[in-house]
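Chain and residue survey
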Amino acid sequence: MNILITGGAGYIGSHTLISLAEAKYKFVVFDNLSNSSKKSIKRVEKIIQKPIYFEEGDIRDKKALNKVFEKYKINSVIHFAGLKAVGESVKNPLEYYDNNIVGTLKLLEVMKKNNCKKIVFSSSATVYNEVDAQNYIPLKENFPTGATTNPYGRTKYFIEEILKDLYISDPEFQIAILRYFNPVGAHESGTIGEDPNGIPNNLMPYISQTAVGKREYLSVFGGDYPTPDGTGVRDYIHVVDLANAHVKALDYLNNQTTNPLIVNIGTGIGYSVLDMVKAFEKASGKQVPYQIGQRRQGDISTCYSDSSFAKEVLNWEAKKTIDDMCIDSWKWQKKNPNGYSKKK
């Protein structure tokens, strides 16, 4: 089986390559390196001790995609490629709609042309109705979706709807939609991890860059939420657990016909921003100074999953703890204070 991994050089993609290799799957990486580094591929090769087929290209380029499908005889896709920052999407909505939605449409068109009808899609908990999400905690897969508060979440919601319509039009498609919560952590070797461009949009790299002295302090967006310490509560999941969920989803599609499958991928536990700060200080032995500022547009107070369905249908559950997340994040940051030392 040849699996195309779009966005496979990125944070979640690179960790998933290791899980796929451990499960003896064969794959090809397709990435435009706009927010990733080819160095991650080289480091994964050292971890799995085998070469990785890599093709540089953009999912909006049907010609380039088609060449890859024909060259490698692709029969399955794990679709990671996409822009992913809530705040940035509010500032640049057209860029998000073009990259995420148009890119996915081009990918699906090429899949159909090449009779490739198996896809695992990287979705997000942001598809849930964020305005009234507080009434639905913990979030279950059958809860209302679509009333998102930012363009990033809307792109994920629209793509989910596109995939559902595609299945209705062609039931031969096998589709798994994984709704991620908040991926953090790094590979235990400390050689691959999250390496955002510029100012981080996610909490953990901001915490770790502050701990290593790269940033003066952590900006906490909002300290007046109706939570135990006033800061936002989220479901953080170790990226290795998340990577393993993709292998389980692929296994499921290879053995089941129920479609489309929609699954939450989280721990089912909510931690506040300050909970994460304290855990990271414990893991690193470093102080993480922070300043509480205004709430960030598009954010809500509390969001965590009911992840029981994933255990039921995929035989998957998160195994790593908040301490594991922080220990591995710190190991990556300490070894790589400047990430992959920019870039390609």
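All values reported here derive from a predicted model rather than from experimental measurement. (Residues numbered from 1 in each chain as written. Predicted model: local features only at pLDDT ≥ 70, side-chain atom pairs only at ≥ 80, totals over all residues. Heavy atoms only, no water.)

1. Quick look at the overall build of the chain
What counts, and what does not: Strands are runs of DSSP state E lasting at least 2 residues, helices are runs of H or I lasting at least 4, and numbering of each runs from the N terminus. Only heavy atoms matter for contacts: two residues are in contact if any of them lie within 4.5 Å across the pair. The method behind every accessible area is Shrake-Rupley, applied with a 1.4 Å probe, and residues are considered shielded solely by the protein chains displayed. Asp and Glu count as negative and Lys and Arg as positive, but His and the ends of the chain are not part of the count. We put the charge of a Lys on NZ, of an Arg on CZ, of an Asp on CG and of a Glu on CD.
When helices and strands are tallied, the chain shows eleven helices and 14 strands. Projecting the C-alpha coordinates of the chain onto the three principal axes gives extents of approximately 55 × 45 × 40 Å. Pairs at least 24 apart in sequence give 80% of the contacts found in the chain among residues at least 6 apart. Accessible area for the chain stands at about 14800 Å²; split by element, carbon and sulfur atoms hold 48% of it. Taken together, the 44 basic and 38 acidic charged side chains of the chain have centroids lying 7 Å from each other.

2. Structural notes on the nonpolar core
Note the following rule: To qualify as a nonpolar core, a set must consist of buried Ala, Val, Leu, Ile, Met, Phe, Trp, Tyr and Cys residues joined through side-chain atoms within 4.5 Å. Type-normalised accessible area, obtained with a 1.4 Å probe on protein chains alone, sets the label of each residue: buried when under 20%, exposed when over 50%, and partly exposed for intermediate values.
One finds Leu20, Phe27 and Ile265 to be the most contacted residues of the largest nonpolar core, which totals 44 residues. Of all the secondary-structure elements, those providing two or more residues to this core are strand 1 (2-6), helix 1 (11-22), strand 2 (26-31), helix 2 (38-48), strand 6 (174-180), helix 8 (239-255), strand 11 (261-265) and helix 10 (308-314). If you tally residues by element for this core, the top one is helix 8, at nine residues. By size, the runner-up hydrophobic cluster in this structure holds 25 residues, among which are Tyr72, Ile74, Ile119 and Ile159.

3. Some words on the pairing of strand 3 (residues 53-56)
Test applied: Pairing between two strands requires that DSSP report at least two bridges joining them. We call a crossover right-handed when, viewed with both strands directed away from the observer, the connection leading from the first strand over the helix to the second proceeds clockwise.
Both strand 2 and strand 3 contribute to a ladder of four bridges, which runs parallel. Opposite Asp31, over in strand 3, you have Glu56 as the bridge partner. Tracing the backbone out of strand 2, into helix 2 and back to the parallel element strand 3 gives a crossover that is right-handed.

4. Digging into the sheet that holds strand 4 (residues 76-79)
Applicable threshold: Where helices are involved, their axes are fitted lines through C-alpha atoms of the stretch in contact, as for all axes, and angles between N-to-C directions lie from 0 to 180°.
Spatially, 3-2-1-4-5-6-11 is the arrangement adopted by the seven strands of the open sheet, whose pairing is parallel. Only two strands of the sheet have a single neighbouring strand rather than two, namely strand 3 and strand 11. Taking the axes of each pair of neighbouring strands and ignoring which way they run, one obtains an average angle of 20 degrees across the sheet. As paired elements, strand 1 and strand 4 share four bridges and run parallel to each other. Counterpart to Leu4 in the pairing with strand 4 is Val77. Contacting strand 1, strand 2, strand 4 and strand 6, helix 1 crosses the sheet at an angle of about 170 degrees to strand 2.

5. As for the pairing of strand 2
Burial of strand 2 is extensive: five of the six residues sit out of reach of the surface. Sheet topology places strand 1 next to strand 2; five bridges connect them, and they run parallel. Considered in strand 2, the bridge of Ile5 is made with Val29. Where the polypeptide runs from strand 1 across helix 1 and back to strand 2, its parallel neighbour, the crossover connection is right-handed.

6. Examining the packing of aromatic side chains
The cut-off we apply is this: Centre distance within 6.5 Å is the pairing criterion for rings of Phe, Tyr and Trp, where only the six-membered ring of Trp is used; planes under 30 degrees apart are then read as stacked, over 60 as edge-to-face, and the remainder as tilted. Placement of a positive charge over a ring is assigned whenever Lys NZ or Arg CZ falls within 6 Å of the ring centre and within 35 degrees of the normal to the ring plane.
For the structure shown, the criterion picks out five aromatic pairs. Here the aromatic rings of Tyr53 and Tyr72 are separated by 5.6 Å at their centres, their planes lie at 55 degrees, and the arrangement is tilted. In this pair, Tyr53 sits in strand 3 while Tyr72 sits in helix 3 (residues 62-72), placing the two residues 19 residues apart along the sequence. Taking the relative accessible area as the measure of exposure, Tyr53 reaches 54% and is therefore exposed. Taking relative accessible area as the criterion, Tyr72 reaches 11% and is therefore assigned buried. Aromatic ring contacts, followed pair by pair, group Tyr97, Tyr157 and Phe158 into a single cluster. In this arrangement the basic side chain of Arg215 is found over the ring face of Tyr206, its NZ or CZ atom lying 5.5 Å from the centre.

7. Section: empty space enclosed by the protein
Over the atoms rolls a probe the size of a water molecule, and in doing so it shows where empty space is left. What counts here: The pocket and cavity definitions rest on a 1 Å grid over protein atoms only: a 1.4 Å probe that fits but cannot leave marks a cavity, an open set with protein on both sides within 12 Å along at least five of seven lines marks a pocket, and residues lining either have an atom within 4 Å of a point. Grid points are joined across faces, edges and corners, and a volume is the space filled by probe spheres set on the points. Classification used: nonpolar for Ala, Val, Leu, Ile, Met, Phe, Trp, Tyr, Cys and Pro, charged for Asp, Glu, Lys and Arg, polar for all others including Gly.
A full pass over the atoms with the stated rule returns two cavities of 30 Å³ or more. The space that makes up the largest cavity amounts to roughly 60 Å³. Lining the largest cavity are Tyr11, Val184, Gly185, Glu194, Met204, Pro205, Ser208, Ser329, Trp332 and Gln333. Mapped by element, the contributors of at least two residues to the lining of the largest cavity are helix 7 (203-211) and helix 11 (322-335). Class assignment of the residues belonging to the lining of the largest cavity gives a composition of five nonpolar, four polar and one charged. Estimates place the volume of the second largest cavity at around 50 Å³.

8. What to know about the packing of helix 1 against helix 8
Each pair of packed helices gets described by two things: the angle between the helix axes and the distance between those axes. Where we set the bar: The labels follow the angle: roughly parallel below 35 degrees, roughly antiparallel above 145, roughly perpendicular from 65 to 115, and oblique for the rest. The handedness criterion is simple: a crossing whose near helix is rotated anticlockwise from the far helix by less than a right angle is left-handed, and one whose near helix is rotated clockwise is right-handed.
At a minimum axis distance of 8 Å, the contact between helix 1 and helix 8 shows a crossing angle of 60 degrees. With respect to their mutual orientation, helix 1 and helix 8 come out oblique. Considering how the two elements wind past one another, helix 1 and helix 8 form a crossing that is right-handed. Judged by residue contacts, Tyr11, Ile12, His15, Thr16, Ser19 and Leu20 of helix 1 engage Val239, Val240, Leu242, Ala243, Asn244, His246, Val247 and Leu250 from helix 8.

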